[in-house]
Amino acid sequence: MFSSGRSGETPASVLGESNGFLQADAYSGYNRVTTPKGRTRVGCWAHVRRKFFDAKDHAPDECNQALGAILALYEVEYEAANQNLLGSDKHLAMRKVVSQRIVDELHTWLVLNKDLFAPQSRVGKAIRYPLNHWDTLIQFLEDPNLPLDNNMSERLLRVIALGRKNFLFVGNNGAGHNLAVLQSLVSSCQINDVDPQAYLTDVLIRIQTHPQSQIDELLPHKWQQP
């Protein structure tokens, strides 16, 4: 969805009263849609890693220890992928045993080291970030379908960032909204291994006569090429 600002109004208008999970960084604009009655917020371990990586020159030993723990979490996921277990009960069992131990040890380390660095220093911020959002970061331990990070969506958003100067001149807010809709459709096609050009060519014609009650059949993840 297109928005001219970064307020919490946009996520609220897009997600409405829906429920489920929302994986994101600590951006406060998502607070309104991750209340106890709304979506469950899921933290991103890639954001945690990035903060320790950026602070590595200031305290290499400490940051490398944290980075090693995060790497160990991803190794569990790689192993599950290699065994074709992603999203299965066996994958969840791996997380409950191995990943749980890793995050418990990391949490203990974070607490012990928190007061050794100034709160506003790079290392201090890197340590406090996961501590402040710990409940969201360990959500993945309860559901094998939750990824460790939201890197997939961030990769798709990179297209927007690269074209930002061009998008300044979309014309008006209505044009910006239309562009956002098209970009969302194209990104959804990419995630589901659908050719965006073939999809749009077909759907823009079929949508004129397709029953409204069956409109979900034309979504990228359900679309079948005629």
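A few points on the structure. (Residues numbered from 1 in each chain as written. Predicted model: local features only at pLDDT ≥ 70, side-chain atom pairs only at ≥ 80, totals over all residues. Heavy atoms only, no water.)

**Considering helix α9 (residues 173-191)**
Thinking step 1. The first and last C-alpha atoms of α9 sit 27 Å apart over 19 residues, in line with the 27 Å expected at 1.5 Å per residue.
Thinking step 2. Here α9 has its buried residues at Gly176, Ala180, Gln183, Ser187 and Cys189.
Thinking step 3. In the stretch just after α9, Asp193 is the one whose phi turns positive, near 55 degrees. (Helix = DSSP H or I, 4+ residues; strand = E, 2+ residues; numbered from the N terminus. Expected span 1.5 Å × (residues − 1). Buried < 20%, exposed > 50% of the residue type's maximum accessible area, 1.4 Å probe, protein only.)

**Overview of the packing of helix α3 (residues 60-82) against helix α4 (residues 89-113)**
Thinking step 1. Two elements in contact, α3 and α4, have axes separated by 10 Å at closest approach and are oriented at 175 degrees. Taken together, the axes of α3 and α4 are roughly antiparallel relative to one another. For the pair formed by α3 and α4, the contact residues are Glu62, Gln65, Ala66, Ala69, Ala72, Leu73, Val76, Glu77, Glu79 and Ala80 on the first element and His91, Met94, Arg95, Val98, Ser99, Ile102, Val103, Leu106, Trp109 and Asn113 on the second. (Axes fitted to C-alpha atoms, helices over the stretch in contact; angles between N-to-C directions. Parallel < 35°, antiparallel > 145°, perpendicular 65-115°, else oblique. Contact = heavy atoms within 4.5 Å.)

**Considerations on the pattern of salt bridges**
Thinking step 1. Across all of its chains, the model carries six salt bridges by this definition.
Thinking step 2. The salt bridge partner of Asp115 is Arg128, with a shortest N-O separation of 4.0 Å. On the criterion of sequence distance, the pair formed by Asp115 in the loop between α4 and α5 (122-132) and Arg128 in helix α5 is long-range, its members being 13 residues apart. (Salt bridge = Lys/Arg side-chain N within 4 Å of Asp/Glu carboxyl O.)

**A look at the environment of Thr35**
Thinking step 1. Tracing the backbone shows Thr35 in the loop between β1 (21-23) and β2 (40-42).
Thinking step 2. Residue classification places Thr35 among the partly exposed residues on the basis of a relative accessible area of 35%.
Thinking step 3. Measuring from C-alpha to C-alpha, the distance between Thr35 and Asn19 comes to 9.9 Å, with 16 residues separating the pair along the chain.

**A closer look at the packing of α4 against α5**
Thinking step 1. Packing of α4 against α5 leaves a shortest axis separation of 10 Å and a crossing angle of 130 degrees. With respect to α5, the element α4 is oriented oblique. Seen from above, α4 lies across α5 with left-handed handedness. Contacts between α4 and α5 involve His107, Trp109, Leu110, Val111 and Asn113 from the former and Ile127, Pro130 and Leu131 from the latter.
Thinking step 2. Residues belonging to the contact of α4 with α5 are distributed by class as follows: six nonpolar, two polar and no charged. (Left-handed = near helix turned anticlockwise from the far one by under 90°. Nonpolar A, V, L, I, M, F, W, Y, C, P; charged D, E, K, R; others polar.)

**Observations regarding α5**
Thinking step 1. With eight of eleven residues buried, α5 is to be regarded as a mostly interior element.
Thinking step 2. Restricting attention to buried positions, one finds in α5 the residues Val123, Gly124, Ala126, Ile127, Arg128, Tyr129, Pro130 and Leu131.
Thinking step 3. Where the residues of α5 are buried, they touch α2 (45-54), α3, α4 and α6 (134-137).

**Digging into the nonpolar core**
Across soluble globular proteins, nonpolar side chains have a tendency to be buried as a group.
Thinking step 1. Residues Trp45, Phe52, Leu106, Leu110, Ile127 and Phe140 are the most contacted members of the largest nonpolar core, which totals 36 residues.
Thinking step 2. Looking at this core, the elements with two or more residues in it are α2, α3, α4, α5 and α6.
Thinking step 3. The leading source of residues in this core is α3, at nine residues.
Thinking step 4. Contacts of Ile127, omitting those with residues within four sequence positions, involve Phe52, Trp109, Leu110, Asn113, Lys114 and Phe117.
Thinking step 5. Ranked by size, the runner-up nonpolar core spans eight residues in total, among them Ala198, Tyr199, Leu200 and Leu218. (Core = buried A, V, L, I, M, F, W, Y, C linked by side-chain atoms within 4.5 Å.)

Don't take any of this as a statement about function, it's just geometry.
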